[in-house]
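The primary structure of each chain is shown beneath.
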Protein chains: 2
Amino acid sequence: MGSLLSIYLAKRGYSVTVFERRGDMRQSGYEGGRSINLALSNRGIRALDEVDVANEIKKVTIPMHGRIMHNRQGELTFQPYGNEGQFINSVSRSALNIVLINKAEALGVEFKFDKRITHIDLDKTSLTVQSPESIVNSKQTQDYRLWTMDYIIGADGAFSAVRSAFQITDRFDYAQDYIDHGYKELHIPAGKAASFQLEKNALHIWPRESFMMIALPNPDGSFTCTLFFPFEGTPSFGQLKTDAEVSMFFESTFPDAVSLMPTLLEDYNTNPTSSLVTVRCYPWIKNNTLLIGDAAHALVPFFGQGMNAGFEDCRVLNQLLEIHFDDWTKVLPEFQQSRKINADAIAQLALDNFVEMRDLVADADFLLRKKIEARLHQLYPTRWIPLYSMVTFYDSMPYATALETGTKQKKIMDEVMKTSKIDRVWESLNFEEIVNKLK
Amino acid sequence: MGSLLSIYLAKRGYSVTVFERRGDMRQSGYEGGRSINLALSNRGIRALDEVDVANEIKKVTIPMHGRIMHNRQGELTFQPYGNEGQFINSVSRSALNIVLINKAEALGVEFKFDKRITHIDLDKTSLTVQSPESIVNSKQTQDYRLWTMDYIIGADGAFSAVRSAFQITDRFDYAQDYIDHGYKELHIPAGKAASFQLEKNALHIWPRESFMMIALPNPDGSFTCTLFFPFEGTPSFGQLKTDAEVSMFFESTFPDAVSLMPTLLEDYNTNPTSSLVTVRCYPWIKNNTLLIGDAAHALVPFFGQGMNAGFEDCRVLNQLLEIHFDDWTKVLPEFQQSRKINADAIAQLALDNFVEMRDLVADADFLLRKKIEARLHQLYPTRWIPLYSMVTFYDSMPYATALETGTKQKKIMDEVMKTSKIDRVWESLNFEEIVNKLK
């Protein structure tokens, strides 16, 4: 996020310094066990493409053409994400970041790793930056430095340090909402000769109504699995305490996956259980400081749009700088005003999609509904676009429009699904009449 | 809030220390210019009564039997709050606090004034308390002390320091929402011989649709006025810049009040413009630390229930301690569970009531609606209780029940008000039929 933004800004001729709390992952390697694999889709690709890094990044992605649902008997159902040729892309956070950091540095961006922001002065546009403790003359030393900037952009994620300075200003609206589920990363290794042990070009889901596991492919043949599971209740993280309980639960719940997970118990016990939060706030600007991406609008991951929305932020900010000849006094208010409604929309869509992924995709009625919508889209390609496609593939459509249209479509489809014996008669529906209702 | 709670706890035999950031108002006097006069009503009185301080406090209150609306021509309309003998009470924050602090000290509570909480450790139930800077041996000295407690109760208001420790814990849901209006305190002095220049036993409102001014009586014959006004737009605090603009605006908008406000310009320029926030959060407990009152659920002041809700919190907490023989492991979860829905309800009611106060009370249809509801209440005293009465006078009814019933009543009354020529025929409505709809 910060690295892509720094590329946009460096290309416009700005002198950019990026303060990063973690180390340089090009040296230290990626600290795993805590990251859902990222799903890069059209909005993200478009933002990468405008600064000419999309092609390089595509080299490390794996296309996923649809969802493969695994039921308790290990039976599989495939549901395409869109039309032929439409897909999303599995990519590791580290691979993506390394490409972006290298590109940014080549453009003159200065990265400062292992730096913690300890204070932001929003009136002076200054930040206090702490380096790791060091031993000088056998004394432990803390190194703080004050930087005064023309602009500060907080692209520092859901738990943004920049935002914490906003939080103590008057009239800052703020909400953080956790869902009842947490997540834990698990692992399916590659088979012999780096082979994929599940279908490679798909996102795998084990939908189990109140929870689910998913798996995304990695270039080395492995899959990164993520269990989304309640913190409390039956079943839940809180309930599975012993190795025996974990094993028994996985064997009865994900039988076809568990046979591919030799390190299940180790992963389960070692990897953290992380929480999932939606952050909404406003304003995103204070004087010359701006919040962007997850710092302004953190999402739950169920629409695979967190990174894509952040990258889109970068593209839109750049577009506004272009239009207004880098007059930030115009750009900043317009940015927050145009992006806020879209951020709210995708936050809502991401929450809604959890129910779809963990529950509905296992439902025959739901899959039929998707089939009917696919037919509507096939017949009226510009007049009926399924919600998933609007969000994922239509990178010129604002998220807010997608939400609004999707809500109307849902009402119409709710009616359609009430048709008697819909599963048998759906092909002879009056599709023209249905699509006309959307006007 | 903290002082009432300390009385409850001291009466149960607990050793209680109260850390107060401000000075002792019994010595320093009250810092005015920033406090809406408080409206004490039945829920608050009941909570005071259970620890035998209600009678002493009643000595410093002024009953207000209804609202008096002032239109732009200075014409007055009276609307009673409830039945004959039902009223709310104007009371100054300082008078109330002094009674409570004296009572608490008499019960052995230790007050530590001018103390700022700089850190809370929720795992150790400890707090770091800073005393004012002092000069020791001609050096400026900062005095921090660590206190470890059995329980910490954060009764420290909308901007709670205790809550800030909750905010950095995982899975803490939190929202702060500011409204577009701010407020400013103004003043109508007493007339000759401490006489009241407006009707004493009423809450005065100058409703002006998008904004309003109110005035509450003080025992010395003066009124404390509060202007609730948008920060931006037309008209707004942002727009009234010069003395001439302020004067002209007040003279055309509140002509009958302005003639009673000799210090208007001085008050307007000196007193701060403060913002109005709703805070919602959950959980309210972390280990042995509890949030209570505004710290857990800050409200906007338009239902006059902020203090009453906080006092009710104290009463309910005490009740639970009683029931569970001071077993805090049972009391704390039950407290938050039972109070959260009621806190959410009164937060919503308070926001809704702003529209009623600033706009609807000037509306003939609305006053007729209230008249019809008063008749329903008179005919069916237990079956139809107006929303305002449920919230204000029915101290055994949970706020959530009041909100739910009020919502149903509103729907019924919306229909009733559509009756043709309702203003002329309302007395011959079928009241039995109306009240039956509420079942």
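If you're wondering where the values come from, they're calculated on a predicted model, not measured in any experiment.

This part covers the overall build of chain A. Each helix and strand counted, chain A has 17 helices and 18 strands in total. For chain A, whose C-alpha radius of gyration is 23 Å, the value lies close to the compact-globule estimate of 22 Å for 439 residues. With respect to the principal axes defined by its C-alpha atoms, chain A has extents near 75 × 55 × 40 Å. For chain A, buried positions account for 53% of its 439 residues. Considering only contacts in chain A between residues 6 or more positions apart, those separated by 24 or more positions represent 72%. For chain A, the exposed surface amounts to about 20,200 Å²; the carbon and sulfur share of it is 49%. For chain A, the centre of its 47 positive side-chain charges and the centre of its 55 negative side-chain charges are spaced 2 Å apart.

Let's shift gears to the domain arrangement of chain A. Residue and element names in this part refer to chain A. As assigned here, chain A comprises domain 1 (2-64 + 86-152 + 160-171 + 298-339) and domain 2 (363-436). With 14 residues of domain 1 at the interface, the matching set in domain 2 holds twelve residues. Approximately 1,100 Å² of surface area, both sides summed, lies buried where domain 1 meets domain 2, with 51% of it carried by carbon and sulfur atoms. When the area that domain 1 buries against domain 2 is broken down by residue, the three leading residues are Arg43, Gln86 and Phe303, summing to 52%. Counting every contact that joins domain 1 to domain 2 gives one salt bridge. The partner of Asp395 in a salt bridge is Arg46, with the nearest N and O atoms 3.2 Å apart. At the level of secondary structure, the elements contributing two or more residues to the side of domain 1 that touches domain 2 comprise helix H3 (42-49) and helix H11 (306-323).

Moving on, we come to the packing of aromatic side chains. What the rule picks out here adds up to 54 aromatic pairs over all chains. Note on B:Phe172 and B:Tyr174: the rings are 6.2 Å apart at their centroids and 20° apart in plane angle, and the pair reads as stacked. Given a relative accessible area of 2%, B:Tyr174 falls into the buried group. Positioned above the aromatic ring of B:Phe231 is the side chain of A:Arg171, whose terminal nitrogen or guanidinium carbon lies 3.5 Å from the ring centre. Stacked on the ring of B:Trp147, the Lys or Arg B:Arg145 has its end atom at 4.2 Å from the ring centre.

What follows is about the sheet that holds strand E8 (residues 116-121) of chain B. Residue and element names in this part refer to chain B. Pairing is antiparallel in the open sheet, where three strands are placed in the order E8-E9-E10. On the outer flanks of this sheet lie E8 and strand E10 (139-148), each paired with one strand and no other. Ignoring strand direction, the axes of neighbouring strands in this sheet form an average angle of 25°. Taken together, the five bridges between E8 and strand E9 (residues 126-136) define a ladder with antiparallel strand orientation.

In this section: the interface of chain B and chain A. Contacts between the two partners involve 15 residues from chain B and, on the opposite side, 15 residues from chain A. Taken together, both faces of the contact between chain B and chain A bury some 1,300 Å²; the carbon and sulfur share is 33%. The tally of links from chain B across to chain A stands at two salt bridges. Here B:Arg171 makes a salt bridge to A:Glu232, at a shortest N to O gap of 3.6 Å. Taken together, the links from chain B to chain A amount to eight residue pairs in polar contact (both at pLDDT 80 or more). Take the side of chain B that touches chain A: its biggest share by element is eight residues, from strand E12 (residues 173-188) of chain B. Here the side of chain B that touches chain A is built from residues that sort into six nonpolar, three polar and six charged. Pairing geometry for strand E12 (residues 173-188) of chain A and E12(B), over three bridges, is antiparallel.

If you rotate chain B by 180° and push it 0.1 Å along the axis, it lands on chain A with an RMSD of 0.0 Å. Accordingly, the operation relating the two chain copies is best matched by a two-fold axis. Considering only C-alpha atoms, the part of chain B nearest the rotation axis is B:Ala175, at 1.9 Å. Looking at chain B, 100% of its interface residues are interface residues in chain A too, so the copies touch through the same face.

All names here are of chain B. The three strands lie next to each other as E11-E18-E17, forming an open sheet whose pairing is mixed. Edge positions in the open sheet fall to strand E11 (152-154) and strand E17 (285-286), since each of these has one partner strand only. Taken together, the three bridges between E11 and strand E18 (residues 289-291) define a ladder with parallel strand orientation. Within the sheet, the bridge partner assigned to Ile153 lies in E18 and is Leu290.

What follows concerns the pairing of E12(B). All names here are of chain B. Judged by how many residues are buried, E12 sits mostly within the fold: twelve of 16 residues are covered. Bridge analysis of E12 against strand E16 (residues 274-282) gives eight bridges, and the strand direction is antiparallel. In the sheet register, Gln176 faces E16, and the bridge partner there is Val279. Pairing of E12 with strand E15 (residues 223-230) involves eight bridges; the strand directions are antiparallel. Across the sheet, the residue bridging to Glu185 is Thr226, located in E15.

Turning our eyes to something else, we now look at unusual backbone geometry. The omega torsion across A:Thr234 and A:Pro235 is -10°, close enough to zero to call that bond cis. Following the sequence through the fold, A:Pro235 ends up in the loop between strand E15 (223-230) and helix H7 (243-253). Of the consecutive residues B:Tyr282 and B:Pro283, the connecting peptide bond is found in the cis state with omega at 0°. Its location among the elements puts B:Pro283 in the loop between E16 and E17. One non-glycine residue, B:Asp52, lies in positive phi territory at about 65°. Here B:Asp52 shows up in the loop between helix H3 (42-49) and helix H4 (54-58). In this model, B:Phe325 sits at a positive phi of 50°, which is unusual for a non-glycine residue.

Further remarks concern the packing of helix H1 (residues 2-11) of chain B against helix H11 (residues 306-323) of chain B. Residues and elements named next belong to chain B. Taken N-terminus to C-terminus, the directions of H1 and H11 make an angle of 15°; their axes are 9 Å apart at the nearest point. Classified by the angle their axes make, H1 and H11 are roughly parallel. Here H1 runs over H11; the crossing is right-handed. On H11, the residues touching Leu4, Leu5, Tyr8 and Leu9 of H1 are Phe311, Cys314, Arg315, Leu317, Asn318 and Leu321. The residue makeup of the contact of H1 with H11, split by class, is eight nonpolar, one polar and one charged.

Membership of the largest hydrophobic core comes to 126 residues, with the highest contact counts inside it found for A:Leu48 and B:Leu48. With sequence-adjacent residues up to four places away left out, A:Leu48 is seen in contact with A:Leu4, A:Leu40, A:Val53, A:Ala54, A:Ile57, A:Leu96, A:Leu100 and A:Phe311.

Attention now moves to the environment of B:Tyr282. Residues and elements named next belong to chain B. In this structure, Tyr282 sits in strand E16. Among the residues examined, Tyr282 registers a relative accessible area of 26% and is labelled partly exposed. Setting aside residues up to four positions removed in sequence, Tyr282 forms contacts with Arg171, Phe172, Asp173, Gln336, Gln337 and Lys340.

Residue and element names in this part refer to chain A. Along H7, the residues that are buried comprise Val246, Ser247, Phe249, Phe250 and Thr253. Relative to the axis of H7, the buried residues are bounded by an arc of 165° and lie together on one face. Packing partners of the buried residues in H7 comprise E12, strand E14 (212-217), E15, helix H8 (255-258) and helix H9 (264-270).

All names here are of chain A. Among the surface-exposed residues, Glu209, Asp359, Asp363, Asp365 and Asp423 lie close enough to one another that they form a single negatively charged patch. Within the element layout of this structure, Asp423 appears in helix H16 (residues 422-425). Overall, Asp423 belongs to the exposed group, its relative accessible area being 53%.

Residue and element names in this part refer to chain A. Here Thr289 is to be found in strand E18 (residues 289-291). For Thr289, a relative accessible area of 0% puts it in the buried group. With 126 residues separating them along the chain, Thr289 and Arg163 place their C-alpha atoms 9.6 Å apart. Setting aside residues up to four positions removed in sequence, Thr289 forms contacts with Leu122, Thr125, Ile152, Val162, Phe166 and Trp284.

Quick notes on the rules
- Residues numbered from 1 in each chain as written.
- Chains lettered and ligands numbered in written order.
- Predicted model: local features only at pLDDT ≥ 70, side-chain atom pairs only at ≥ 80, totals over all residues.
- Heavy atoms only, no water.
- Helix = DSSP H or I, 4+ residues; strand = E, 2+ residues; numbered from the N terminus.
- Rg over C-alpha atoms; globule rule 2.2 N^0.38 Å.
- Buried < 20%, exposed > 50% of the residue type's maximum accessible area, 1.4 Å probe, protein only.
- Contact = heavy atoms within 4.5 Å.
- Areas by Shrake-Rupley, 256 points an atom, 1.4 Å probe, with all protein chains shown as cover.
- Lys, Arg positive; Asp, Glu negative; His and termini not counted.
- Charge placed at Lys NZ, Arg CZ, Asp CG, Glu CD.
- Domains from an automatic or database assignment.
- Buried area = accessible area lost by both parts, 1.4 Å probe.
- Salt bridge = Lys/Arg side-chain N within 4 Å of Asp/Glu carboxyl O.
- Phe/Tyr/Trp six-rings, centres within 6.5 Å; stacked < 30°, edge-to-face > 60°.
- Lys NZ or Arg CZ within 6 Å of the ring centre and 35° of its normal.
- Pairing = 2+ DSSP bridges.
- Axes fitted to C-alpha atoms, helices over the stretch in contact; angles between N-to-C directions.
- Polar contact = N/O pair within 3.5 Å; in protein donor to acceptor, adjacent residues only side chain to side chain.
- Nonpolar A, V, L, I, M, F, W, Y, C, P; charged D, E, K, R; others polar.
- Least-squares fit on C-alpha atoms with pLDDT ≥ 70 in both.
- Parallel < 35°, antiparallel > 145°, perpendicular 65-115°, else oblique.
- Left-handed = near helix turned anticlockwise from the far one by under 90°.
- Core = buried A, V, L, I, M, F, W, Y, C linked by side-chain atoms within 4.5 Å.
- Arc of directions from axis to C-beta.
- Patch = residues over 30% accessible without salt bridge, like charges linked within 9 Å, V, L, I, M, F, W, Y side chains within 5 Å.

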